[in-house]
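Chains, contacts and geometry: an overview
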Amino acid sequence: MNQALSKRDISTRLLVPGIILISFCLRPTLTSVGPLIPMIREDLSLSNGLAGFLTTLPLIAFATFSLFASGIGARLGNVRAILLGLILLGIGTVIRVQGGSFLLFAGTALTGVGIVICNVLIIPLIKLKLPNKIGIMTSVYTTGMSGFAAVGTGLSVPIAMELGWRGSLLSWIGLIVIAILLWIPQVKTKKVKGADEGLSGGKNVWKSRLAWEVSLFMGIQSTMFYTLIAWLPDLLIYRGFTAGSAGLVMSLMQVVGLVGSFLAPLVAVKYASQVRIAVGMGLIYFVGYTTLFSSNELILYTGLTLIGFCLGASISLAYTLIGLRTEGGTTARLSGMAQSAGYYLAALGPVMVGILFDWNKNWNILIIMMIICALSFAYLGSRVGRNVKV
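Residues numbered from 1 in each chain as written. Predicted model: local features only at pLDDT ≥ 70, side-chain atom pairs only at ≥ 80, totals over all residues. Heavy atoms only, no water.

Some words on the packing of aromatic side chains
Counted under the stated rule, the structure contains 13 aromatic pairs. Note on Tyr141 and Tyr319: the rings are 6.2 Å apart at their centroids and 70 degrees apart in plane angle, and the pair reads as edge-to-face. Here Tyr141 is found in helix α7 (residues 134-170), whereas its partner Tyr319 is found in helix α12 (residues 297-324), with 178 residues between them in sequence. A residue is classified by how much of its surface remains accessible, and Tyr141, at 0% relative accessible area, is buried. We classify Tyr319 as buried; its relative accessible area is 2%. What links up through ring pairs into an aromatic cluster is the set Phe62, Phe225, Tyr226 and Tyr343. (Phe/Tyr/Trp six-rings, centres within 6.5 Å; stacked < 30°, edge-to-face > 60°. Helix = DSSP H or I, 4+ residues; strand = E, 2+ residues; numbered from the N terminus. Buried < 20%, exposed > 50% of the residue type's maximum accessible area, 1.4 Å probe, protein only.)

Have a look at this one:
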């Protein structure tokens, strides 16, 4: 009995650190790739199209396997499924640096599958195991992801200068192994059915109007984030920034976003309705995007600060709403549905801007598209922020 209690106590004590460490693992393996593309392209003789596809492939994996992640969680239990996701992430990280282009793409796709299993199931796990800490844990989780996304971007090239691009991509395996070791105590000797391992069942979210609205809400914020990551530097250069200063602005936006990412869930869970928060965020987005029409640096910096804050806050709010708008096994189902829609739209956003720019040759296209997204975000926020359940 004492030994059983001791194991349970260890598991409880390691749950929060385990979730935090998992959040650290879910973005660097992705964000470290972009800055290394020139090295990878030259070493493997990749075309520009294939090199670009390397950064799009994880989004496609996210969007596709988000649909199956909740089913994996229901079958294995959320805890075991998350452990599986971490193992797949580690295997993919190792495979993609072992050979040529085939292994690079196969390993990258596998890392995407591992990441999305963890990403979809962490939110319902938090709701089930830490129901009184949804706000703070969602804040910590999303801030950890965002923070280490920036770390991955910033360290990839310096590490590659010492170890090569393969060594740089492989360097994250240590963090993943530590996360696996910290998560293993959560797994029971025998699978436990019920709240401890995740609930099967739940409503059919595909027939729910509210579930579709939450999914579109997630999709719009993802579209804005990935579209701006892809094209905002070019817009800033067009406005007179150097390439270096445009990159610095993007980094500072991510830092400001960490504040929004941490605060949004803490504020959201204090109220039964999140309509004012979501609509207000959409209007702040709108104001921020309109400043991009200006060439005045003070106006631009002010607008970019607002946009950066909202980019961090909106992803945290979207994750929080998945938990607040559902009960039981429906949480995992909605998490999978919303993230699938989100990543499919995120993959389309940058492509659409590129096509429209080729047609019109005017960077105002990007601003107009973002303004439309901001207004859509505000409208959907007025729907998903209501105190109702899927």
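There's plenty left to go through after this.
Comments concerning the nonpolar core
The tendency in soluble globular proteins is for nonpolar side chains to be buried as a group. In this structure, Ile19, Trp183, Phe217, Met224, Leu232, Tyr289 and Leu292 are the most contacted members of the largest nonpolar core, which totals 95 residues. Residue contributions to this core peak at twelve residues, all from α12. Not counting residues within four places of it along the chain, the set of residues in contact with Leu292 comprises Leu232, Leu235, Arg239, Leu300, Leu304, Ile307 and Ile367. Ranked by size, the runner-up nonpolar core spans 15 residues in total, among them Val33, Leu54, Val97 and Leu169. (Core = buried A, V, L, I, M, F, W, Y, C linked by side-chain atoms within 4.5 Å. Contact = heavy atoms within 4.5 Å.)

Quick look at helix α3 (residues 37-44)
Listed as buried for α3 are Ile37, Ile40 and Leu44. Burial along α3 is one-sided: seen end-on, the buried residues are contained in an arc of 65 degrees. Structurally, α3 contributes buried residues whose contacts are with α4 (48-76), α6 (101-129) and α7. Ser45 occupies a position one or two residues after α3 and carries a positive phi of about 55 degrees. (Arc of directions from axis to C-beta.)

What to know about the side chain of Ser316
Along the chain, Ser316 falls in helix α12. Residue class for Ser316 comes out buried when judged on its relative accessible area of 0%. Within the local environment of Ser316, its side chain forms a polar contact with the backbone oxygen of Ser261, the two atoms lying 2.6 Å apart. (Polar contact = N/O pair within 3.5 Å; in protein donor to acceptor, adjacent residues only side chain to side chain.)

Some points on the pattern of salt bridges
Going through the model one piece at a time under the given rule, you end up with four salt bridges. Residue Arg166 is joined to Asp43 by a salt bridge in which the shortest nitrogen-to-oxygen separation is 3.6 Å. Highlighted residues: Arg166 in helix α7 and Asp43 in helix α3, separated in sequence by 123 residues. For Asp43, a relative accessible area of 44% corresponds to the partly exposed category. (Salt bridge = Lys/Arg side-chain N within 4 Å of Asp/Glu carboxyl O.)

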